[in-house]
Amino acid sequence: MAIYYALSDSHGCTDVLKQALSVVDFSNPDNRLFLLGDYLPHYDGYEGETYFMRATEALKFMKDYCDAHKGQVVALRGNHDDSMLDYADSGMWQIPDALVRWVKKLPLYYETPWQIFVHAGVEEEAGDKWKWATPDDTFVWKYPATTGPFIKDIVAGHVGTHTLADDPDYHQVYWDGESHYFLDGSTEYSGQMPVLAFDTETQTYTTYLATKDGVKNTGTPLQHKS
C-alpha cells in the first residue's frame, strides 16, 4: 500500500504551499508526491527586479524540497515554467543557471498503473496511444480542459477549478465524476491550495484544502473509476 499525493500551480505562494505539503507523509518509502508544475508567480503586479527575486525564491524552494526527498517527489513542468525557459535562453530573465537547468530536466508527465499526472492534459482522442500522439505543448498548455471517461485517471492543474465548477468561490479539487481530477485552486488570488491523495490499496482519493493558516480534509473519498 502507498499514498500518492498531488498538488499544482503553487505560483510562488510558499506560505500556502508549506501548509499543503504538511499533508504529505514520507514515512512509507513507497509514498509519492507529484508536483504538477507552475511554480513561478504570475508576472502581473510585480516590478522586474521584484519578480525575478520572487521567481528565484519559488524555484529554489521547490528544487530544495525535491532534493530533500529524492526518490519520493516527482516534479513536472508547467506552462509558466516552460515559458521561463524560452526567456532564459534569450537572456531576458534573471534566473540562476542552476535553477534553469533544473526546470529543463523536469518531465512533462508521469504515468502510474492508475493515473497520468500532467500539468494541463493529454491528447485523449488518441486513446491508449496518447503518449505518442500528444505534442509537448499540449502537456503544459492544453485548453480547454477535457472531461469524461478515459483509459486512466487524468490528474492535472492549469485550469482553475472555479471555472470548471462555474463557481467563483470554488477552489477545491474538482472531480468531473469520471476520469478527471483538477487541482488548480488559483492560489495566488484565492489563498487556497487543494491537495489530492490516492490510496493504492483502496483505490480511492481524499481531498484536502490548504490556506496559509492550516489545512483541512474537504470531503469523503472519491472513487477511482478509470
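Numbering of residues starts from 1 in each chain and follows the order in which that chain's sequence is written. Given that the model is predicted, a residue must reach a pLDDT of at least 70 before its local features are reported, and side-chain atom pairs must reach 80 or more before they are shown or counted; all residues, however, enter totals for whole chains, interfaces and linings. Side-chain measures here rest on the full set of heavy atoms in the structure, leaving out hydrogens and waters.

So, the sheet that holds strand E6 (residues 153-160)
Argument step 1. A pair of strands is treated as paired once DSSP finds two or more bridges between them. Strands here are runs of E lasting at least two residues and helices are runs of H or I lasting at least four, both read from the DSSP assignment and numbered beginning at the N terminus. Reading across from one edge, E4-E5-E6-E8-E7 is the order of the five strands in this open sheet, with mixed pairing throughout. Edge positions in the sheet fall to strand E4 (109-111) and strand E7 (174-175), since each of these pairs with one other strand and no more.

Some words on the side chain of Asp81
Argument step 1. Examined against the element boundaries, Asp81 turns out to sit in helix H3 (residues 79-89).
Argument step 2. Buried within the structure, Asp81 lacks any salt-bridge partner; Arg77 is the closest side chain of opposite charge, at an N-O distance of 6.9 Å.
Argument step 3. Here a polar contact means two N or O atoms within 3.5 Å. Within protein one must be a hydrogen donor candidate and the other an acceptor candidate, and residues neighboring in sequence count only if both atoms are side-chain atoms. Here Tyr39 takes part through its backbone nitrogen, which lies 3.1 Å from a polar atom of the side chain of Asp81.
Argument step 4. Here a residue-residue contact requires only that any non-hydrogen atoms of the pair lie within 4.5 Å. Excluding its chain neighbours within four sequence positions, the residues that come into contact with Asp81 are Gly37, Asp38, Tyr39, Leu40, Leu76 and Val103. Exposure is judged per residue with a 1.4 Å probe applied to protein chains only, and the accessible area is read against the type maximum: over 50% gives exposed, under 20% gives buried, and values in between give partly exposed. In this tally, Asp and Glu contribute negative charge and Lys and Arg positive charge; neither His nor the terminal groups of the chain are included. What counts as a salt bridge is simple: a side-chain nitrogen of Lys or Arg found within 4 Å of a carboxyl oxygen of Asp or Glu.

With respect to the pairing of E6
Argument step 1. Taken across its eight residues, E6 has eight buried, putting it largely inside the fold.
Argument step 2. The sheet contact formed by strand E5 (residues 115-118) and E6 spans three bridges and is parallel. Its bridge partner being in E6, Ile116 is matched across the sheet by Ile154.
Argument step 3. By the bridge criterion, four bridges tie E6 to strand E8 (residues 180-184) in an arrangement that is parallel. Opposite Val155, over in E8, you have Tyr181 as the bridge partner.

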